[in-house]
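# Structure assessment
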Amino acid sequence: MTPPPSAARVRRSPVDRYDERREQLAESALKTLGELGYARTSLRDIATNSPFSHGVLHYYFDDKLDLIDYCIRYYKAKCVTRYDAVIADSTGPDELREAFAAKLVETIVEEGPMHRLWYDIRAQSMFEHRLRPAVTYVDQTLEDMVWRVIDRYAELSSATPALSPAAAYGMLDGLFHAALLGEALGEDDALPTLVDQVHGLLPLTIEGGTP
């Protein structure tokens, strides 16, 4: 009997190779988009700042909007689970509140350009209808992500949530956006203020909670 081929010799399907290359292009494009923003970035700019040619980008994506649609879905799919460990590891409401606030600060410090790009594209979707399906989808996944935190906080507090998922997301997203902008503007108190605000807000998301 002929032995099965080794893992190293198993060929990937054309679909796998195609998807892998699109992911590589997305990773490369996100770096340029994060530096320049949506409006100031063209496919040629992305090609110039990557190991891929302009022709390769056009082979895998129809145009700039097609690439950006893929990029935001790809990036947010990776980041929407960033708070899952905080939820799983926290054994009390105060611990969860501290860890969640710290994680918010960490992601602004480490991934600020990507978050600024997200808010840029979300604003652009109000004028560019082709971006709206991806933005709507990502917004819902972010709302679900925030709700997992709120729901766990309520559970650890032996209480029930006092807000809807949309309201909880709207408030935390507003605080996060303000801190992100403050950090970009060089405001020294932007991140400490975010921590204080999250500490004060989370108790208000549950029935009978006080800061």
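What you are looking at is a predicted structure, and each value in this text was computed from that prediction instead of being measured.

Analysis parameters
Residues numbered from 1 in each chain as written. Predicted model: local features only at pLDDT ≥ 70, side-chain atom pairs only at ≥ 80, totals over all residues. Heavy atoms only, no water. Axes fitted to C-alpha atoms, helices over the stretch in contact; angles between N-to-C directions. Helix = DSSP H or I, 4+ residues; strand = E, 2+ residues; numbered from the N terminus. Parallel < 35°, antiparallel > 145°, perpendicular 65-115°, else oblique. Contact = heavy atoms within 4.5 Å. Nonpolar A, V, L, I, M, F, W, Y, C, P; charged D, E, K, R; others polar. 1 Å grid on protein atoms, 1.4 Å probe; cavity = no way out; pocket = protein on both sides within 12 Å on 5 of 7 lines; lining within 4 Å. Points joined across faces, edges and corners; volume = space filled by probe spheres on them. Phe/Tyr/Trp six-rings, centres within 6.5 Å; stacked < 30°, edge-to-face > 60°. Buried < 20%, exposed > 50% of the residue type's maximum accessible area, 1.4 Å probe, protein only.

Axis angle and axis distance: for two packed helices, these are the angle between their axes and the distance between the axes, and together they describe the pair. Axis separation between helix H7 (residues 132-156) and helix H8 (residues 165-184) bottoms out at 9 Å; the angle between their running directions is 95°. Here H7 lies roughly perpendicular to H8, going by the angle between them. In this structure, H7 uses Asp139, Leu142, Glu143, Val146, Trp147 and Ile150 to contact H8, whose residues at the interface are Pro165, Ala166, Ala168, Tyr169 and Leu172. Considering only residue class, the contact of H7 with H8 consists of nine nonpolar, no polar and two charged.

There is about 160 Å³ of room inside the largest pocket. Counting only elements with at least two residues in the lining of the largest pocket, the list comes to helix H1 (14-36), helix H4 (64-79) and helix H6 (93-124). Element by element, the count of residues in the lining of the largest pocket is highest for H1, at three residues. For the lining of the largest pocket, the residue count by class is three nonpolar, no polar and four charged.

So, on to empty space enclosed by the protein. Inspection of the entire model under this criterion finds two cavities of 30 Å³ or more. Lining the largest cavity are 16 residues, and of these Tyr83, Leu142, Met145, Asp173 and Phe176 lie nearest its centre. Element by element, the count of residues in the lining of the largest cavity is highest for H6, at five residues. By volume, the second largest cavity is sized at about 50 Å³. Around the second largest cavity sit Leu30, Ile72, Tyr75, Lys76, Met114, Leu117 and Trp118, which together line it. Looking at the lining of the second largest cavity, the elements that each hand over two or more residues are H4 and H6. Partitioning the lining of the second largest cavity into residue classes produces six nonpolar, no polar and one charged.

Given two aromatic rings, their pairing is described by the distance between the two centres and the angle made by the two planes. Tallying each qualifying case throughout the model produces five aromatic pairs. Judged by centre distance (4.9 Å) and plane angle (80°), the ring pair of Tyr59 and Tyr60 falls under edge-to-face. The exposed category is assigned to Tyr59, whose relative accessible area is 60%. Residue Tyr60 is classed as buried on the basis of its relative accessible area of 15%. On the numbers, 6.2 Å between centres and 10° between planes, the contact of Tyr70 with Tyr74 is stacked. A residue pair is termed a helical-turn pair when its members lie 3 or 4 positions apart in one helix, as Tyr70 and Tyr74 do in helix H4 at four residues. Among the aromatic residues, those joined into a cluster by ring pairs are Tyr18, Tyr59 and Tyr60.

So, to be careful, I would describe these as geometric facts and stop short of saying anything about function.
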